[in-house]
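What the coordinates show
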Amino acid sequence: MKKNNQPEVTPRIRPNYEVLAPLGARINFKNSGKSISRTDGTFASAYRGQSMELEDLRPYVYGDNLRDVDWKATSRTGEVMIRNYTADKRKQIIFIGDVGPNMEGSMPDGSSKKECEIITIGTAAYLAGRGGADYCVVCNDPYKNTPGHYGNGARWLEQELSALQTALFNDNYEDLQGLLRTILDMPMRGVAICLVTDLGGLYHLDENLLRAAAAGRDFYVFQVSDAEWGGKAFYNAQSKRRIPEFLTFDNGFAADIRKKWDECQSVVRKKLRRAGVYYAYLEDLREIPETVTLVLNGEITD
């Protein structure tokens, strides 16, 4: 409620980091990008040091580290040969939050879908950071959010979640399909994508776009479930109107809606399976930490 002409202040929504802290040690990304040199790829990357994986051998040039000399190859060829290693590149993730009007509703546990989205992305970003990844959150115009500027740590996470919450609660709507297409048009080879939306958002995403998003990278998708229809009064958050009770309490109408929901869900599951994404449903806020951990590790796909 507004008081003294002051705007309403939305409470700060964040995950419980104390609960998440022990889960950080469980994050073990299966696929990490490789880079032969610091100039490989569009974005600068942070390196963890020299990998033990040998890329190839090459002749010595002034300035090379003598510790990298392969003496066996040198004696065999008569020329000083240097071991050329592949450096490990920190995993990078773009988190995409759906800020469309479809996120105005509620979940089966009665929680806000917006709250679930913030906590899911916050949880995934926190755990990804603990697992050694850098990330950014995009929720509207990607050129304003500047994907490609990745970070880590408490201050960076709070900055990204604040921008997401502002976009969600300020009716700053963005076409999800157009947003994903714009991001994919950017040079971001091997950068993982994590998308949080609902059944409606996934149903309307073009399958070819989903395939493109999953090509050559990890693609994580979390579907925020909708409240079950029937047996209770409903309020349409988009139209800002109460739905007549003769509809919400009609068993036949509820069965028709459930049938349509099942049909849409079947279409979505087939699209995501064909695209090869890591995919999970979210029906209760309490299940988010464990579900996110399993999906990031590639341990569940549906």
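Here we summarise the structure given alongside this text.

Rules and cut-offs
Residues numbered from 1 in each chain as written. Predicted model: local features only at pLDDT ≥ 70, side-chain atom pairs only at ≥ 80, totals over all residues. Heavy atoms only, no water. Helix = DSSP H or I, 4+ residues; strand = E, 2+ residues; numbered from the N terminus. Buried < 20%, exposed > 50% of the residue type's maximum accessible area, 1.4 Å probe, protein only. Contact = heavy atoms within 4.5 Å. Areas by Shrake-Rupley, 256 points an atom, 1.4 Å probe, with all protein chains shown as cover. Pairing = 2+ DSSP bridges. Axes fitted to C-alpha atoms, helices over the stretch in contact; angles between N-to-C directions. Core = buried A, V, L, I, M, F, W, Y, C linked by side-chain atoms within 4.5 Å. Salt bridge = Lys/Arg side-chain N within 4 Å of Asp/Glu carboxyl O. Parallel < 35°, antiparallel > 145°, perpendicular 65-115°, else oblique. Left-handed = near helix turned anticlockwise from the far one by under 90°. Nonpolar A, V, L, I, M, F, W, Y, C, P; charged D, E, K, R; others polar. Patch = residues over 30% accessible without salt bridge, like charges linked within 9 Å, V, L, I, M, F, W, Y side chains within 5 Å. Right-handed = clockwise from strand over helix to strand, strands pointing away. Expected span 1.5 Å × (residues − 1).

1. Re the overall build of the chain
The number of helices and strands found in the chain is eleven helices and eleven strands. With 302 residues in all, the chain has 46% of them scored as buried. Within the chain, contacts between residues at least 6 apart in sequence are counted, and of these 74% link residues at least 24 apart. Total accessible area on the chain stands at roughly 16,200 Å², and carbon and sulfur atoms take up 50% of it.

2. Let's talk about the sheet that holds strand 11 (residues 278-282)
Across the sheet, which stays open at both edges, the five strands sit in the order 6-5-7-8-11 with parallel pairing between neighbours. Both outer strands of the open sheet, strand 6 (134-138) and strand 11, are each paired with one neighbouring strand and no more. The average undirected angle you get between the axes of adjacent strands in this sheet is 15°. The pairing of strand 7 (residues 192-198) with strand 8 (residues 219-224) spans six bridges and is classified as parallel. Note that in strand 8 the partner of leucine 195 across the bridge is valine 221.

3. Topic: helix 11 (residues 288-296)
Within helix 11, eight of the nine residues are buried, which leaves it mostly tucked inside the rest of the structure. Looking at helix 11, one finds that the buried residues are Ile288, Pro289, Thr291, Val292, Thr293, Leu294, Val295 and Leu296. Structurally, helix 11 contributes buried residues whose contacts are with helix 1 (17-20), helix 3 (113-130), strand 8 and strand 11. Positioned one or two residues after helix 11, glycine 298 has a phi angle of 70°, which is positive.

4. Brief notes about the nonpolar core
If you look at the biggest cluster of nonpolar residues, it comprises 71 residues, and the most contacted ones within it are Ile93, Ile94, Phe95, Ile96, Phe219, Tyr220 and Phe222. Here phenylalanine 219 is in contact with Ile193, Leu195, Leu210, Ala213, Ala214, Val277 and Tyr278, once residues within four sequence places are set aside.

5. Observations regarding the pattern of salt bridges
Enumeration according to the criterion identifies twelve salt bridges in this entry. A salt bridge links aspartate 198 to lysine 113, with the nearest nitrogen and oxygen atoms 2.7 Å apart. You can see aspartate 198 sitting in strand 7 and its partner lysine 113 sitting in helix 3, a full 85 residues away along the chain. Across this residue pair, the class does not change: aspartate 198 and lysine 113 are buried.

6. Quick notes on the packing of helix 3 against helix 11
Between helix 3 and helix 11, whose axes approach to 10 Å, the crossing angle comes to 50°. Between helix 3 and helix 11, the crossing angle belongs to the class labelled oblique. For the crossing formed where helix 3 meets helix 11, the hand is right-handed. Counting all contacts with helix 3, which are made through Cys116, Ile119, Thr120, Thr123, Ala124, Leu127 and Ala128, the residues of helix 11 involved are Ile288, Pro289, Val292, Thr293 and Leu296. Across the contact of helix 3 with helix 11, the residue classes break down as nine nonpolar, three polar and no charged.

7. A word on a nonpolar patch on the surface
A cluster of nonpolar side chains, contributed by Tyr60, Leu66 and Val80, occupies part of the molecular surface with about 260 Å² of accessible area. The residue leucine 66 is located in the loop between strand 2 (54-59) and helix 2 (71-77) in this model. A residue is classified by how much of its surface remains accessible, and leucine 66, at 57% relative accessible area, is exposed.

8. Quick notes on the pairing of strand 11
Where burial is concerned, most of strand 11 is hidden: four out of the five residues are buried. In this sheet, strand 11 lies alongside strand 8 in parallel orientation, the contact comprising five bridges. Pairing of glutamine 223 across the sheet is with tyrosine 281, part of strand 11.

9. Some details on the pairing of strand 5 (residues 92-97)
Of all six residues making up strand 5, six are buried, and the element is well covered by its neighbours. The side-chain alternation of strand 5 yields two buried faces, one formed by Gln92, Ile94 and Ile96 and the other by Ile93, Phe95 and Gly97. Of the strand pairs in this sheet, strand 5 and strand 6 are connected by five bridges, and their pairing is parallel. Residue pairing across strands places isoleucine 96 opposite valine 138, the latter belonging to strand 6. With helix 3 bridging strand 5 and its parallel neighbour strand 6, the resulting β-α-β unit is right-handed. For strand 5 and strand 7, the ladder comprises five bridges, and the chain directions are parallel. Considered in strand 7, the bridge of isoleucine 96 is made with leucine 195.

10. A look at helix 5 (residues 154-169)
Over its 16 residues, helix 5 extends 22 Å from the first C-alpha to the last, a length consistent with the 22 Å expected when each residue adds 1.5 Å. Immediately downstream of helix 5, the backbone of aspartate 171 shows phi near 50°, a positive value.

11. Details of the packing of helix 3 against helix 5
Packing of helix 3 against helix 5 leaves a shortest axis separation of 10 Å and a crossing angle of 160°. Taken together, helix 3 and helix 5 sit at an angle that is classed as roughly antiparallel. Once helix 3 is placed against helix 5, the crossing between them reads as right-handed. Mapping the contact onto sequence places Lys114, Glu117, Ile118, Ile121, Gly122, Ala125 and Tyr126 in helix 3 and Leu157, Leu161, Leu164, Gln165, Leu168 and Phe169 in helix 5. Across the contact of helix 3 with helix 5, the residue classes tally to nine nonpolar, two polar and two charged.

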